[in-house]
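# Coordinates in review
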Amino acid sequence: MGQSLDGVVRSTFLRTIEFMPGELRRASLASWNESVFRYFFCRQLPGVDEGVQPFVECERIDLVVHRGEEKAFVEFKFYVHPQRFDPYTGVSSGFKGGPSPQNLHEFQRCVQQLHDRKSVPGLSKYIVLAYADPVVAGPPGKRYSDYYDDYRHSDENIALDVQESVGPFDILKDRIQAKLFTVRTPGEG
């Protein structure tokens, strides 16, 4: 129990991102989603601190981590350009979803909901955001990086602070970036 729970979350985030490139060579980014990303995060936790207890999908929180009197609520956002494929030929038939104001609104709603959760002593709140764009540049507004590279939350009653930022790094045809945010009320902790 050498480091704080904040240190455990940060270290686990960094270990997960370091682990990603090797895993993405085995299973393409198209095979990943938020749950897969959370799984790999949880898989790294014991290597950072064996004394933590993770609880997945706990009262609509993606991951709750306990250690003694400390608690961390962690929400995951994992955004990629998901492709559609013809099931008979395997030929790509375009994209489904992707970067848009609607996607940004979903992220902002996640920040708000996490912020609105009751704060208690020893509780920290985090958002792990990972996003990937094609290496080949697309039109403005059609890349996650257009929305999240320099993201600043618009609600002045919420402090969304970048604790760690990794990337961009390229894996095959994708450029991946990841950020670990803390969510708090300005002036708090």
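In short, a report on the structure. Note that the structure is a prediction, hence the values are computed from the model and not measured.

## Considering the overall build of the protein
- Counting secondary structure elements, the protein contains 4 helices and 8 strands.
- Counting from the amino terminus, the protein carries its helices and strands in the arrangement α-α-β-β-β-β-β-α-β-α-β-β.
- The C-alpha atoms of the protein give 17 Å as radius of gyration, which agrees with the globular expectation for 189 residues (16 Å, within 12%).
- With respect to the principal axes defined by its C-alpha atoms, the protein has extents near 55 × 35 × 30 Å.
- A burial count over the protein gives 42% of its 189 residues as buried.
- Taking all contacts inside the protein whose residues are at least 6 apart in sequence as the whole, residues at least 24 apart take part in 62%.
- Only carbon and sulfur atoms are counted for the fraction: they give 49% of the accessible area of the protein, which is about 10,400 Å².
- Side chains of the protein give 23 positive and 26 negative charges; the mean places of these two sets differ by 4 Å.

## So, the nonpolar core
- Ranked by internal contacts, the top residues of the largest apolar core, which has 32 residues, are Met20, Leu29, Trp32, Phe37, Phe78, Val128 and Ile176.
- Put simply, the parts of the chain that give this core at least two residues each are helix H1 (5-26), helix H2 (34-48), strand E2 (61-67), strand E3 (70-79), strand E6 (123-134), strand E7 (159-171) and strand E8 (174-184).
- Counting residues per element, this core draws most heavily on H1, which supplies 7 residues.
- Excluding anything up to four places from it in sequence, Met20 contacts Trp32, Phe37, Phe78 and Ile176.
- Of all hydrophobic cores here, the second largest spans 21 residues; its members include Tyr79, Val111, Leu129 and Ile158.

## What about the sheet that holds E3?
- Strand order across the open sheet formed by 6 strands is E1-E2-E3-E6-E8-E7, with mixed pairing between neighbours. Lying at the two open borders of the sheet, with one neighbouring strand each, are strand E1 (53-58) and E7. Each strand axis lies, on average, 20° off the axis of its neighbour in the sheet, ignoring direction.
- Of the strand pairs in this sheet, E6 and E8 are connected by 9 bridges, and their pairing is antiparallel. Paired with Asp133 across the bridge in E8 is Arg175.
- The strands that H2 touches are E1, E2, E3 and E6; relative to E3, the one it contacts most, it runs at about 140°.
- Against the sheet, helix H3 (residues 101-116) contacts E3, E6, E7 and E8, and its axis sits at roughly 175° relative to E3.

Calculation rules
Residues numbered from 1 in each chain as written. Predicted model: local features only at pLDDT ≥ 70, side-chain atom pairs only at ≥ 80, totals over all residues. Heavy atoms only, no water. Helix = DSSP H or I, 4+ residues; strand = E, 2+ residues; numbered from the N terminus. Rg over C-alpha atoms; globule rule 2.2 N^0.38 Å. Buried < 20%, exposed > 50% of the residue type's maximum accessible area, 1.4 Å probe, protein only. Contact = heavy atoms within 4.5 Å. Areas by Shrake-Rupley, 256 points an atom, 1.4 Å probe, with all protein chains shown as cover. Lys, Arg positive; Asp, Glu negative; His and termini not counted. Charge placed at Lys NZ, Arg CZ, Asp CG, Glu CD. Core = buried A, V, L, I, M, F, W, Y, C linked by side-chain atoms within 4.5 Å. Pairing = 2+ DSSP bridges. Axes fitted to C-alpha atoms, helices over the stretch in contact; angles between N-to-C directions.

In short, geometric facts, not functional conclusions.
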